[in-house]
Amino acid sequence: MRFKRSVSLALASLLAAAGVACDRGPGVLRVSASLDSQKSDLEDQREQIDEDLAEIDRQLAETENSIAEQEEYQQALSQQISLNLDKKSVLEQELSNLNAQMEESEAELSQIQEDIASTETEIQATSDKYKERMRAMYMTSDMSALELLFEASSFSDFLTNLEMMKAISQHDTALLETLRGQVETLESEQEAARQVQEDISARQTDIAAQQQELDATNQQLQAAYAESESATQDLEKERENFEANKEQRLQEAEEIDAEINDLLARIAEENRRREEELKKQQESQNGSSSSSSSGGSASSGGTGIVTEAGFLWPLPGFSNINSAYGWRFGGSDFHTGLDIGGSGVYGADIVAAKSGVVSSPMTHWSYGNNVVINHGDGYVTLYAHCSELLVSPGETVTQGQVIARVGATGNVTGPHLHFEVYYNGVRQDPASYIQY
């Protein structure tokens with residue numbers, strides 16, 4: 001901020017002090033064409049630097065925005081990668097559970113298969129015994145019921161023997177049916193266990209596919225992240241280059257400002273020498289020793305006190321000092337003028353502190369709308385942040401004449417008048433020259 005103000009100040013001072021005319025009775029005070037040419041060249045160089053700095057600042061802002069966008073993009077990628085890893089972890093846990101279920105199902109199926117084999121073996125043994133009995137009964141089928149009757153000790157024994165043969169046959173048949181039923185049940189359980197295994201296997205296959213998809217997605221995201229990181233590094237290098245270029249241009253600006261200050265001193269010295277010549281001519285012609293450097297008393301447009309230096313308070317009706325000349329903010333910024341304001345100051349009349357010639361009403365990024373007046377006696381004044389300019393370059397103004405109105409243009413936080421005083425190209429404390 002301090003440098004920007006000094007740059008703007010030097011430019012404004014140059015515009016004020018170089019290439020102007022100031023009426024002083026019969027003579028006209030003008031700087032030399034050589035100094036005017038130097039002024040013009042420096043103005044062009046300084047204007048080009050301002051344009052370059054503005055472009056660099058724009059490019060820096062764009063680069064900063066791009067870096068911020070890349071960092072935001074990287075954060076989104078990191079979050080998505082982390083989310084996918086969480087999903088994969090959940091799938092891995094589910095897969096672990098399925099593997100345990102598969103082991104349990106395989107053990108159950110193995111047991112069922114063993115039971116089926118055991119039951120089928122029992123069925124085969126029972127069937128074999130049944131067949132043996134049937135064969136034996138067939139082979140003895142020539143024994144008549146009468147023989148069974150005669151062999152029996154009683155009719156009751158006969159009936160018992162006959163019933164026992166029927167019972168054995170029925171028992172074997174029932175046992176076979178029971179065993180076959182058990183086999184059917186076991187086979188049904190076996191089918192159910194196999195279905196469970198198929199379901200588990202299908203889910204395992206699905207999970208494996210999801211894991212592969214997540215891995216592929218994360219690879220793409222990581223590739224995008226690496227690409228974004230590379231882009232960010234390139235942008236940071238661009239930013240470094242812009243900053244280095246800006247520093248170089250600022251250094252060039254300081255060098256030009258030094259030339260400007262030197263030129264201002266030369267202009268002031270030439271103005272002083274020529275005004276002395278003009279005074280001598282006037283004294284010779286008028287036979288008096290009156291000085292033309294004073295702008296006279298204040299006109300009806302201004303109020304306040306004309307100081308011994310011949311200056312008038314530039315903002316009638318407002319005496320509040322918002323910021324004085326000198327170091328401020330703990331020594332981090334040097335304020336090059338006097339800020340005058342107060343309630344209702346916006347639009348208030350600004351008057352010429354002293355008579356002179358308007359050298360450069362203009363608009364500047366820091367000073368906003370401003371007026372510079374060359375008073376022709378080594379003094380130059382500047383009035384900044386105006387809302388409206390009421391004078392034109394080359395116009396002669398009288399002390400107390402309204403030249404502009406208070407505003408808030410340029411680099412400001414609120415409406416006020418920023419007032420500066422120079423003597424022989426060197427800034428002065430305005431408080432030493434004006435009094436309300």
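Residues numbered from 1 in each chain as written. Predicted model: local features only at pLDDT ≥ 70, side-chain atom pairs only at ≥ 80, totals over all residues. Heavy atoms only, no water.

A. Quick peek at the overall build of the protein. A count of helices and strands for the protein gives four helices and 15 strands. For the protein, the residues scored as buried account for 39% of the 436 residues in total. Of the contacts formed within the protein by residues at least 6 apart in sequence, a portion of 72% connects residues at least 24 apart. Surface accessibility of the protein: about 23,500 Å² in total, with carbon and sulfur atoms responsible for 48%. (Helix = DSSP H or I, 4+ residues; strand = E, 2+ residues; numbered from the N terminus. Buried < 20%, exposed > 50% of the residue type's maximum accessible area, 1.4 Å probe, protein only. Contact = heavy atoms within 4.5 Å. Areas by Shrake-Rupley, 256 points an atom, 1.4 Å probe, with all protein chains shown as cover.)

B. Spatial organisation of a negative patch on the surface. Together, Glu104, Glu108, Glu114, Asp115 and Glu189 give the surface a local cluster of negative charge. The exposure class assigned to Glu104 is exposed, which follows from its relative accessible area of 57%. (Patch = residues over 30% accessible without salt bridge, like charges linked within 9 Å, V, L, I, M, F, W, Y side chains within 5 Å. Salt bridge = Lys/Arg side-chain N within 4 Å of Asp/Glu carboxyl O. Lys, Arg positive; Asp, Glu negative; His and termini not counted. Charge placed at Lys NZ, Arg CZ, Asp CG, Glu CD.)

C. Geometry of the side chain of Arg328. Within the secondary structure, Arg328 is located in strand β4 (residues 326-328). Since its relative accessible area comes to 19%, Arg328 is described here as buried. In this structure the side chain of Arg328 is engaged in a polar contact, spanning 2.7 Å, whose partner is the side chain of Ser323. (Polar contact = N/O pair within 3.5 Å; in protein donor to acceptor, adjacent residues only side chain to side chain.)

D. Fine view of the packing of aromatic side chains. Inspection of the entire model under this criterion finds eight aromatic pairs. Between Tyr379 and Tyr423, the aromatic rings sit 4.5 Å apart at their centres with planes inclined by 40°, giving tilted as the arrangement. In this pair, Tyr379 is assigned in strand β11 (residues 379-389) and Tyr423 in strand β14 (residues 417-423), connecting sequence segments 44 residues apart. We classify Tyr379 as buried; its relative accessible area is 14%. (Phe/Tyr/Trp six-rings, centres within 6.5 Å; stacked < 30°, edge-to-face > 60°.)

E. Quick look at the pairing of strand β6 (residues 338-341). Side chains of β6 alternate between two faces, with Leu338 and Ile340 and Asp339 and Gly341 buried alike. Relative to β6, strand β3 (residues 320-323) runs antiparallel, the two sharing three bridges. Bridge pairing in β6 places Ile321 opposite Ile340. Two strands pair when backbone bridges link them, and β6 and β14 are joined in this way by three bridges, in the antiparallel orientation. From the neighbouring strand, Asp339 faces β14, where its bridge partner is His418. (Pairing = 2+ DSSP bridges.)

F. Seen up close, the side chain of Asn218. Mapped onto the elements of the fold, Asn218 is located in helix α4 (residues 155-286). Asn218 sits in the buried class, given a relative accessible area of 6%. Excluding its chain neighbours within four sequence positions, the residues that come into contact with Asn218 are Gln80, Ile81, Asn84 and Leu85.

G. Seen up close, the environment of Pro316. If you trace the backbone, Pro316 turns up in the loop between α4 and β3. Residues Pro316 and Ile350, spaced 34 residues apart in sequence, show a C-alpha to C-alpha distance of 7.3 Å.

H. Just the nonpolar core, in detail. Counting residues in each nonpolar core, the largest one holds 27 residues, and the members touching the most others are Leu315, Ile350, Val371, Ile373, Tyr383 and Ile403. Listing elements by their share of this core, those giving two or more residues are β6, β10 (368-374), β11, β13 (402-406) and β14. The residues touching Leu315, leaving out its near neighbours within four places in the chain, are Ile340, Val345, Ala348, Asp349, Ile350, Val406, Leu417 and Tyr436. The next biggest cluster of nonpolar side chains, apart from the first, holds eight residues, and it includes Leu42, Ile49, Leu250 and Ile256. (Core = buried A, V, L, I, M, F, W, Y, C linked by side-chain atoms within 4.5 Å.)

I. Examining the pattern of salt bridges more closely. Within the structure shown, the criterion is met by 14 salt bridges. Note that Arg46 and Asp257 form a salt bridge whose closest N and O atoms lie 3.6 Å from each other. Here Arg46, found in helix α2 (residues 33-139), pairs with Asp257, found in helix α4; they are 211 residues apart in sequence, far enough to count as distant. We note that Arg46, like Asp257, is buried. For Arg203, the salt bridge goes to Asp206, with nearest N and O atoms at 2.5 Å. A residue pair is termed a helical-turn pair when its members lie 3 or 4 positions apart in one helix, as Arg203 and Asp206 do in helix α4 at three residues. Assessed through its relative accessible area of 26%, Arg203 is described here as partly exposed. When salt bridges with common partners are traced through the structure, they connect Arg46, Asp50 and Asp257 into a single cluster.

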